Amino acid sequence: MANGSTRPRVWSIAAHRGFADALVAGLIPRYREERFGLARLTLLLPSQRAVRTITEAFVRASGAGLLLPRMAVVGDLDLDETLGPLLDPIGAGADIPAAVDPTFRLLRLAALLRDELADEAPGEAALIRQAKGMAQGIDRLLVEGVRVEDMLDESVVGVAAELSGHWQDATRLFATIFARWQLELLALGKVDAPERRNRLLDHAAQSWKGSPPAHPIIAAGVTSASPAVARLLRVVADMTDGGVVLPDLDLALDPAVWDALGSAGGPDGAVFERGDLVTHPQYHLKLLLNRMGVARDEVEPWHRSGLSPAPPERSRAISNLFLPPEASAAWVSLEAKDRRLSGVRVMESAHPEEEAQAIAVLVREALAEPERRVAVITPDRGLAARVVAHLARWNVVADDTAGRPLPLTAAGRVLLQLAELVAERAAPVPLLALLGHPLVQAGEGRAVWLERVRQLDLLLRGPRPGPGLPAIRQRIKENERRYPGLAEWWSGVEDLLFPLVSLEGAVMLDAALIALSDAGEALCGTGLWAQADGRCLSQFVERWREAATTAPTLLACEELPALLRDAMEDVSVRPPYGGHPRLAIYGLLEARMSRADLVICGGLTEGTWPGNPTPDPMLAPPVLRALGIPGADFRIGLSAHDLAAALGAPEVVLSHALRDASGPVIPSRFLLRIHAMLGEQLRHETRAVDLARTLSNPPPVAPHPRPHPMPSAEQRKVEIAVTALDRLRGDPYQFYASAILSLRSLDPVDADPTPAWKGDAVHKILQDWHEAGGLPGQLVPLAEQRFDEMSAHPFMRAMWKPRLIDALHWIEEETDRLAGEGREVFAIEKRGEMRIDGIRIHGRADRIDKLADGTLAVVDYKTGKPPSGRMVQEGYALQLGLIGMIAVQGQMDGVTGQPSRFEYWSLGRNKERGFGFMETPVLEGRKKSGIPLDQFLPETERFLREAIARWLLGNEPFTARLNPDLPGYADYDQLMRLDEWQGREGEGEA
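Residues numbered from 1 in each chain as written. Predicted model: local features only at pLDDT ≥ 70, side-chain atom pairs only at ≥ 80, totals over all residues. Heavy atoms only, no water.

Chemist: It is not clear to me how the pattern of salt bridges should be interpreted in this structure. Could you clarify?
Modeler: If charged atoms from side chains of opposite charge come close, those side chains can pair. Considering all chains together, one arrives at 60 salt bridges under this definition. One salt bridge connects Arg199 with Glu195, and the closest N-O pair in it is separated by 2.9 Å. Highlighted residues: Arg199 and Glu195, both in helix H7 (residues 193-210), separated by four residues, approximately one helical turn. Between Arg840 and Glu833 there is a salt bridge; the shortest N-O distance is 2.9 Å. Residue Arg840 is classed as partly exposed on the basis of its relative accessible area of 22%. One salt-bridge network, held together by shared partners, links Arg729, Glu939, Arg942, Glu946, Arg950 and Glu956. (Salt bridge = Lys/Arg side-chain N within 4 Å of Asp/Glu carboxyl O. Helix = DSSP H or I, 4+ residues; strand = E, 2+ residues; numbered from the N terminus. Buried < 20%, exposed > 50% of the residue type's maximum accessible area, 1.4 Å probe, protein only.)

Chemist: Any chance you could explain the packing of aromatic side chains here in plain terms?
Modeler: Aromatic ring pairs: the centre-centre distance and the angle between the two ring planes describe each pair. Within this structure, the stated rule accounts for 13 aromatic pairs. When the ring of Trp449 is compared with that of Trp489, the centres are 5.2 Å apart and the planes differ by 65°; the resulting orientation is edge-to-face. With Trp449 in helix H16 (residues 446-459) and Trp489 in helix H18 (residues 486-496), the pair connects residues that are 40 residues apart, well separated along the chain. Like Trp489, Trp449 is buried. (Phe/Tyr/Trp six-rings, centres within 6.5 Å; stacked < 30°, edge-to-face > 60°.)

Chemist: Where do I start with the pairing of strand E22 (residues 856-862) in this structure?
Modeler: Moving residue by residue along a regular strand, the side chains alternate between the two faces of the sheet. In terms of burial, E22 is a largely internal element, six of the seven residues being buried. Sheet topology note: the strand E21 (residues 839-850)/E22 ladder contains four bridges and is antiparallel. The residue of E22 that forms the bridge with Arg847 is Val859. With seven bridges joining them, E22 and strand E23 (residues 899-909) adopt parallel strand pairing. Residue pairing for E23: Leu856 is matched across the bridge by Pro899. (Pairing = 2+ DSSP bridges.)

Chemist: Mind showing me how you'd approach the sheet that holds strand E15 (residues 651-657) here?
Modeler: What links the strands of a sheet is backbone hydrogen bonding, and the strands pair in either a parallel or an antiparallel sense. Read from one edge to the other, the open sheet built from six strands follows the order E13-E8-E14-E15-E7-E18, with strand pairing classed as parallel. Unpaired on one side and paired on the other, strand E13 (583-586) and strand E18 (683-684) mark the two borders of the sheet. Where strand E7 (residues 344-349) meets E15, six bridges bridge the pair, whose relative direction is parallel. Along E15, the bridge assignment pairs Val344 with Val652.

Chemist: Would you mind going over the packing of helix H20 (residues 532-550) against helix H21 (residues 560-569) with me for this structure?
Modeler: Running from amino to carboxyl end, H20 crosses H21 at an angle of 120°, the nearest separation of the two axes being 12 Å. The angle between H20 and H21 places the two elements in the oblique class. The way H20 lies across H21 gives a crossing that is right-handed. Together, Leu537, Phe540 and Trp544 of H20 and Leu563, Leu564, Ala567 and Met568 of H21 make up the contact between the two elements. Broken down by class, the residue content of the contact of H20 with H21 amounts to seven nonpolar, no polar and no charged. (Axes fitted to C-alpha atoms, helices over the stretch in contact; angles between N-to-C directions. Parallel < 35°, antiparallel > 145°, perpendicular 65-115°, else oblique. Left-handed = near helix turned anticlockwise from the far one by under 90°. Contact = heavy atoms within 4.5 Å. Nonpolar A, V, L, I, M, F, W, Y, C, P; charged D, E, K, R; others polar.)

Chemist: Honestly, the side chain of Glu559 in this entry has me stumped. Any pointers?
Modeler: Take Glu559: it is sitting in the loop between strand E11 (554-556) and H21. Despite being buried, Glu559 has no salt bridge partner; Arg129 is the closest side chain of opposite charge, sitting 7.3 Å away. Residues in contact with Glu559, not counting those within four places in the same chain, are Gly123, Glu124, Ala125 and Ala126. (Lys, Arg positive; Asp, Glu negative; His and termini not counted.)

Chemist: Please explain the packing of H7 against helix H8 (residues 227-237) as it appears in this structure.
Modeler: For any two helices packed against each other, one specifies the crossing angle of their axes together with the interaxial distance. At a closest axis distance of 9 Å, the pairing of H7 and H8 adopts a crossing angle of 20°. One way to sum up the angle between H7 and H8 is to call them roughly parallel. Here H7 and H8 pass one another in a crossing that is left-handed. Facing H7, whose interface residues are Arg197, Asn198, Leu201, Asp202, Ala204, Ala205, Trp208 and Lys209, H8 presents Ala228, Val229, Arg231, Leu232, Val235 and Val236.

Chemist: Even after reading the chapter, I still don't get empty space enclosed by the protein, so can you show me in this structure?
Modeler: Rolled over the atoms, a probe with the dimensions of a water molecule shows which regions are left empty. Tallied over the entire structure, the rule returns one cavity of 30 Å³ or more. Estimated volume of the largest cavity: approximately 40 Å³. In terms of lining residues, the largest cavity is bounded by Leu106, Ile128, Arg129, Lys132, Trp544, Leu563, Asp566 and Ala567. Counting only elements with at least two residues in the lining of the largest cavity, the list comes to helix H4 (124-143) and H21. (1 Å grid on protein atoms, 1.4 Å probe; cavity = no way out; pocket = protein on both sides within 12 Å on 5 of 7 lines; lining within 4 Å. Points joined across faces, edges and corners; volume = space filled by probe spheres on them.)

Chemist: Help me understand the sheet that holds strand E1 (residues 10-13) in this model?
Modeler: If you trace the six strands from one edge of the open sheet to the other, you get E3-E2-E4-E5-E1-E6, paired in parallel fashion. Among the strands making up the open sheet, the edge pair consists of strand E3 (70-73) and strand E6 (300-301). Summarising the sheet, E1 and strand E5 (residues 243-247) pair through four bridges and their orientation is parallel. Each bridged residue has a counterpart across the sheet, and for Ser12 the counterpart in E5 is Leu246.

Chemist: Just checking my understanding: could you explain a nonpolar patch on the surface for this structure?
Modeler: Together, Leu741, Leu743 and Leu975 make up a nonpolar patch on the protein surface, roughly 220 Å² of accessible area in all. When you line up the elements, Leu743 lands in the loop between helix H29 (732-740) and helix H30 (755-771). (Patch = residues over 30% accessible without salt bridge, like charges linked within 9 Å, V, L, I, M, F, W, Y side chains within 5 Å. Areas by Shrake-Rupley, 256 points an atom, 1.4 Å probe, with all protein chains shown as cover.)

Chemist: Looking at this structure, I do not really get the environment of Arg381. What am I missing?
Modeler: With respect to the element layout, Arg381 can be found in helix H13 (residues 381-391). With relative accessibility at 23%, the residue Arg381 sits in the partly exposed group. Considered as a pair, Arg381 and Gly587 are 206 residues apart in the sequence and their alpha carbons are 7.8 Å apart. Those residues in contact with Arg381, other than ones at most four positions away along the chain, are Asp400, Ala402, Ile585, Tyr586 and Gly587.

Chemist: Help me out: how do you make sense of the nonpolar core in this one?
Modeler: Where a protein is soluble and globular, its nonpolar side chains tend to be buried together. One finds Phe540 and Leu564 to be the most contacted residues of the largest nonpolar core, which totals 97 residues. Per-element accounting of this core gives the leading share, nine residues, to H4. Beyond its immediate chain neighbours, meaning those up to four positions away, Leu564 contacts Leu415, Leu416, Ala419, Leu513, Leu516 and Phe540. The next biggest cluster of nonpolar side chains, apart from the first, holds 82 residues, and it includes Trp331, Leu334, Val344 and Phe634. (Core = buried A, V, L, I, M, F, W, Y, C linked by side-chain atoms within 4.5 Å.)

Chemist: Would you mind showing me how to read the state of the cysteines here?
Modeler: Should the sulfur atoms of two cysteines be covalently bonded, the bond is a disulfide. Inspection of every chain in the model, using the stated rule, returns zero disulfides. In this structure Cys536 is not part of a disulfide, and its nearest cysteine sulfur, from Cys524, lies 17 Å away. Residue class for Cys536 comes out buried when judged on its relative accessible area of 18%. (Disulfide = S-S within 2.5 Å.)

Chemist: For this particular structure, what's the right way to read the pairing of strand E4 (residues 217-220)?
Modeler: Where burial is concerned, the two faces of E4 agree: the one with Ile217 and Ala219 and the one with Ile218 and Ala220 are both buried. Where strand E2 (residues 42-45) and E4 come together, three bridges link them in parallel fashion. Counterpart to Leu44 in the pairing with E4 is Ala219. Pairing geometry for E4 and E5, over three bridges, is parallel. Counted as the bridge partner of Ile218 is Gly243 from E5.

Spelled out as structure tokens, the structure:
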């Protein structure tokens, strides 16, 4: 490695050698001495992840104990890492200001945007989201050494002037906010983090150039092409006992192809020109070399290999694989040795779930071999989570080193659920989700706590109560007999949630964070902060609280969940050590410099690997190019370089699915290149996919037969409600489930108002109106009051309530008109019963009127469409007839007489007026279906006795959907497993 010339000391480790292990294999013999040789060496590494990877490589290669070299982090901005203490020592560069807090900057940028946009400014959550894009754009400029004055250069202004109006406005807004922010920083005496990083790197470069360190320095794996990093690496490369080691620089690439990549910051052209091949995996390395002032010919190969090298021809094949479009025409004439990817297989799955299962199978088989290391690399965190879950089947604990977003962790969900509770004013869904959270009241009394939460869940089924905690307290008070002790428990819950009481309307962000964290700790105790996710949450809350204190931010409570969710998405909770020692699951950033015996690259589809280029929201690509800033396509080249590094492993599986949750997907462009170059030589992994399908597809189960329960004679003798005869005749199974099994369906929590709920609400309102005298002008005000008390559901308020009010107007007018004809309301919500063949028939009459001739009119209120005359004629809507039979028999308290009218008063749409109309099931006038008045009660009795004889006193099975064309309820469709047998009733029959 020694070199006495002035030539810069730069090496490249080929992909097939394995960067970390090959680096260590070369460093140990060079610097290891009897006692402290390696300890005097300093390694400059790109990130803390790289420090861990190199440390593990030293442990593998040492054999015996050794003192590790000093490792300093250059700081990877993509990983939100800062410089190590070697480059940022205490007291270094007294003229270099401290970096501004990034959260404070975000809030201040949002405030500047609000001032600039004035009346066009969106809500606070959207402003902060826009400020985040602004901050990222500023960082991109500062990393490249671009200042706000550079945006006023004639070339940049000229490019911006040719853009569309949208881009001109966005560029002008960006430049304005950038300038105002720089003035604010100047007043604060601080700088942005990238600017401070650049100054510290330049400070270190100047210090080492003027006074070289006494001990050797090696920069390894640093590929950032920013000007400040390039200047520092050049100084290190010029040191007598220093050097720069680059990963996967292709030294064998044809010079013509190297030149075809573009200027890449060369001395003869702009930093990025229009024809540059920025998507090539070597482009960013060419940019780095050009900025270092080092020619590719001056880079020497690193001839050491790691513990698990791939065949040398692998690097040649990788180089040919990523040839630019014109040069790739050479594939047709390549020799076999130059396109050989032995040890590389492609695995194709039907969907992501099958892909994850197949990857888990490959991992499980590989770990069965002693000392075999496995790495799963994927930018798809959903796929990584699935693989982790599938590996748990074999008790293999896997750590996703890319981490999980804070909102998806247990502690993060507590804070978000509290914010949602505030934003939705204690709506049932966020309230129950919060109270049932695993961290809430964890410990000895949790079982009792969950029982109370279950009772509250049952109580809050259906449309939501009014807004706020008092409405829930009122609902509990109304059901105190049903759930004894629940009111006392709820008082304790209100005490725990007391810090949230002050959060109404517009609140200060710092005060909101304090209230949310206080309520979270009251509910969960210190366990909220105990684990890794809790510690991350604690740091997040403290960081944002401090920033919001120094940069006051006022926002509406409704925006709290969106703001916090967006902010927490940027925080990754990485697992502590404890997973399988020979297995790692990496994201693309975390996988750099790592090596394993088997590398599985998952999620190789367009939009995932490589990801979809995300353009800068504020600066158009031509403006970025004029400023010398990498465009969105630059990251495709980085993704290609990550894949090239992974392909250097001894055994590689490239996996992709044919579709995702939204539909078919396109395989990665990198994968298509492999298919095109290798053709029939490409090997496919099918066995793991077959095993995954076998694991996921148990033997088929015979279709469930159509249910037809046969209860005993004693079990059949049950009562019949006047509304249940339809079910007994039309769908006997539903009657069986309801009347014999006593099963009731539960409404969803916070549901839209169901027909049953609407009916109960209307009946209650009409009952109260009639009992109060039924005076004109009183029904609608009463309904307005009751609707406001009963439900805060937005669907109820916006749509259903106006329709009902219109229909109630009609009921009031019609009742008043009939009163003028001598008809009076005789009974309201009156209960009655009778016995037929020993079976009790019971029900409640919505309304019974006495006509002028002394006969009765039986009225049934309907919130929807009344049953047709044909349904009544066929015996499927007999409620009015049964009520009439009870009245005739005098079995209804205070009501007796002969019914002569049977009416449905519907609150549905009326063709002639808005809502509200009357229909009768009696065959009269121009009606073509129904039952004549003189036969109405006899026919009802005949249908009733027939049903009793068949199902309650006979042995007829309670067959599911006996009359499938009959419209009815679907409460028990899941219980009867309808989808499993409907349409197959005749299958298998001779």
